[in-house]
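A closer look at the structure
Here is how the chains run, residue by residue.
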Amino acid sequence: NPYAGLVSHLRAAWLSGKTRPMEYRVAQLEALGRFLDEKKQDILEATALDMGKPSFEACFTEILLCKNELNDTLNNLSHWMKDEHVDKNLVLQLDSAFIRKDPYGVVLIIAPWNYPIHLFLVPLIGAIAAGNCVIVKPSEITKNTERLVAEMLTCYLDNDCFAVVTAGVEETTRLLENKFDYIFFTGSPSVGRIIMTAAAKHLTPVTLELGGKNPCYVSDTCDVQNVARRVVWGRFFNAGQTCIAPDYVLCTVEMQEKLMPALREAITEFFGSNPQESPDFARIVGDKQFHRVRALLCSGRVAIGGQTDEKERYIAPTVLADVLPSDPVMQEEIFGPILPIVVVASMDEAIDFINARPRPLAIYAFSSDSKVVNQVLERTSSGGFCGNDTLMHVTLTSLPFGGIGNSGLGKYHGKFTFDTFTHHRGCLHRNMGLEALNTPRYPPYSQQKLGLLTATFEIKRKGMCTLL
Amino acid sequence: MERMQQVVGRARAAFNSGRCRSLEFRMQQLKALERMVQEKEEEILAAIKADLHKSGHNAYSHEILGVLGELALAMDKLPSWAAPQPVKKNLLTMRDEAYICPEPLGVVLIMGAWNYPFVLVMQPLVGAIAAGNAVVVKPSEISENTARLVADLLPQYLDQELYPVVTGGISETTELLKQRFDHILFTGNSTVGKIVMAAAAKHLTPVTLELGGKSPCYIDKDCDLAVACRRITWGKYMNCGQTCIAPDYILCDPSIQSKVVENIKATLQEFYGEDVKSSPDYERIINKRHFQRILSLLEGQKIAYGGEADEASCFIAPTILTDVSPESKVMEEEIFGPVLPILTVKSVDEAIEFINRREKPLALYVFSNNKKLIKRVISETSSGGVTGNDVIMHFFLSTLPFGGVGNSGMGAYHGKHSFETFSHRRSCLIKDLKMEGMNKLRYPPGGQKKVDW
């Protein structure tokens, strides 16, 4: 077991209690803040090298959103850590009842390649805030970022309690043989199953942030230009490699016709007439992924874009029209800059289409009629939902971010990350005196004792009288 | 196999029909469940008595009272629990609607245990129904009378397609676990817990595992021993020790060990009289297999009190062991029987170290007049839950989440925590299609000005 030494080193640090005091956690979190500030340029360069990530995008997701989470946590940590006192029943009125926020111990965070800093850092913030020791396993696919994290993160954090492990598939499998007290995984559903199966051997609780095909319903009543911009923004951000990107559009054939020129205009507005030359459009992360996404282009008909350049791993912002549910592009999460439009006759048909498929991470609905947006919301199920925009619901730290069914289990962001890495321990601290009050519960039992117990324990419906 | 597929398939179709979404429907089902518990009280008590030799009073206070309480709470709070919760917005979303919408998960599976066979299926069921799910109920086959009764009664009161009861043993349960559920709540031991989680992993099904372990009970020298021992005796020997949160073993200073034994002995006589076997308030071991398992734990031990057993009736007398060695068999597994080992430690430091060397337990108990000491033990250990200066009682406060950690489980329930366990909290952000000007900041082409903002 090649990682046994590392894990036991962290476990010893954990048992020493080092990570428990608030001052310690704050110091580590502030160090993370310094990492983001001082290594910002390195992060922008590494992500640009790894996948042509535009510096604007990298600043937004890898730095800005992370700092947001960090500040939210630092501002609220002392409040989150406090014992939460709870309402008591009649019997326990004189006792102290509270929920204690206990760290789990040694936790593992496995991150993917598409937002390689953000997707380990935001969980790490919560894990540290909650008082755990952490092993971070960044993605091996984004090599430059992986190296940056392995070499530089450790200079900022306490190496007794926090470690970075670089590992491919095989080594990760060995890593998972160790017992962790929590595992946080972001990636595909198929790997999610492997992680959860490994976790089951040790009864390790997990959060799995997975994916799926996020539908985007566009109703006939809407401001087409605004819709087009918001959809184009969400779809082509990071060249489509976003777990919450709108994966495909559902609309009527009339709307498809109106949408097409609006989409074309938005793409040109954002990326110019030749997106390959725009500094604001990313590339596909690797050759394997490039070939996979390119193969999806043979679905429906290419209405916009479709150009590719293998050397640069460039796929143009592409819109496919007249796509059939049986087409290749509709069989898997696209995770690339291709937007298929699937024609439906009505909102009801769109809802049925969505409900016939695995529950996605996000559902989008566009309409100037709020009733339509609400209908889609109420009649479907998904991790999260955004009406009249894309992606934005995950930038609000007060909203939990997570999936359902195939798109994942658990949630995080803001306080939800802290709660994810915290064991909520129910504590009752009773009085040693007043023993007489306990008599009704002791044998030998009698009808009278039972009557007393019933009167004191039972929760009554409000508005009902009880005859004592 | 087909039977399981059909049952779950029917429940899923019923869920998809949408009829359990409305609050009125859920209330109606909860009301029906309440009627069932009230109207069939005698039958329920009789079944529990047949399974565990439990007296009517005991069964009522342990199993029925709790269920009625949860039902009343759920019916009272359902509108507020199910309502969308608006959340704090930021500058960019100031003009939008942002809220968390609790939604049902779909078809959930509840697997009960045999030791409190009624409450351990009913309490989760209340939460699952309140949250708007379809529920497949699988009571433990070991408490066969209660299992049969639940299978008979539920269809008489509840929607038969949405809330089916499945009975059977290991092979039926294995088939059941191959089906896809949207949440599984399992109560039982850690070994089976791992099997349940591995089966759930195939479908990415979230799980709540209410497992067990050895719940330690530390008695400080500075405490009212008579009171402490009375409370411990109550919690240890109720249900003949077959309680997941029973104090499993005692840690105390060698100087008070014999006083502890004396006090427990005195309390046992107070509770059960001179002849425990003839007390109507003392239960029996569930079956021969567990009877033999528990007896074997006594081998080589110093029996300070008790030890009598009668296989024919699965009777084991309340037993106390002293000077127990940490390496002995009785300290290897959760006892789940009326045997109380006492291990001596010379200080609270030693006790804390002892507890932390072992798997995290479901419950932890500490008795002391010194509040600081109790706080210290809580802060320096980990467990599912804690009661200080008493045992078991944290279970009865529904505002406290009830669940384990590490080997003792994951997830929690009771009260509102049940509702949340069986709900998906869906984030919703509803924006305006207008006000596009605000969005220009985030669109390409990106410029340094935009970045610096």
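Naming follows an unreviewed UniProt entry, where chain B appears as Aldehyde dehydrogenase family 3 member A2 of Cochlearius cochlearius. The record in UniProt for chain B states the following under Subunit (unreviewed entry): "Homodimer." Taken verbatim from the UniProt record of chain B, the Sequence similarities (unreviewed entry) comment is "Belongs to the aldehyde dehydrogenase family."

Under the annotation held in an unreviewed UniProt entry, chain A carries the name AL3B1 dehydrogenase and is attributed to Cochlearius cochlearius. Quoted verbatim from the Sequence similarities (unreviewed entry) field of UniProt, the annotation for chain A is "Belongs to the aldehyde dehydrogenase family."

Describing the interface of chain B and chain A
The interface of chain B with chain A comprises 109 residues on the first partner and 103 residues on the second. Taken over both partners, the interface formed by chain B and chain A buries close to 8800 Å², and the fraction arising from carbon and sulfur atoms is 61%. The three residues of chain B that bury the most area against chain A are B:L204, B:L433 and B:R442, which together make up 10% of that side's buried surface. Counting the contacts that link chain B with chain A gives nine salt bridges. In this structure, B:E359 and A:K179 form a salt bridge, with 3.5 Å as the shortest nitrogen-oxygen distance.

Considerations on the pairing of strand β7 (residues 206-209) of chain A
Residues and elements named next belong to chain A. With burial as the criterion, each face of β7 is covered, one bearing V206 and L208 and the other bearing T207 and E209. For strand β6 (residues 182-186) and β7, the ladder comprises four bridges, and the chain directions are parallel. Note on β7: the bridge partner recorded for T186 is E209. Between β6 and its parallel partner β7, the chain crosses via helix α8 (residues 189-201), and the hand of that crossover is right-handed.

What about the UniProt feature "active site" (unreviewed entry) in chain A?
Residues and elements named next belong to chain A. In this numbering, the UniProt entry assigns the feature "active site" (unreviewed entry) to E209 and C243. Separation in sequence by 35 residues is not matched in space for these annotated residues, since their most distant C-alpha atoms are only 9.0 Å apart. Relative to the elements of secondary structure, E209 occurs in strand β7. Setting aside residues no more than four positions away along its own chain, E209 makes contact with F184, F185, T186, G187, F401, G402, S407, G410, K411 and Y412. Relative to the helices and strands, C243 resides in the loop between α9 (224-236) and β9 (248-251). Beyond its immediate chain neighbours, meaning those up to four positions away, C243 contacts N114, L210, N214, E333, F335, L361 and F401.

Reading guide: rules and limits
Residues numbered from 1 in each chain as written. Chains lettered and ligands numbered in written order. Predicted model: local features only at pLDDT ≥ 70, side-chain atom pairs only at ≥ 80, totals over all residues. Heavy atoms only, no water. UniProt positions renumbered as here; feature names shortened; annotations may be inferred. Contact = heavy atoms within 4.5 Å. Buried area = accessible area lost by both parts, 1.4 Å probe. Salt bridge = Lys/Arg side-chain N within 4 Å of Asp/Glu carboxyl O. Buried < 20%, exposed > 50% of the residue type's maximum accessible area, 1.4 Å probe, protein only. Helix = DSSP H or I, 4+ residues; strand = E, 2+ residues; numbered from the N terminus. Pairing = 2+ DSSP bridges. Right-handed = clockwise from strand over helix to strand, strands pointing away.

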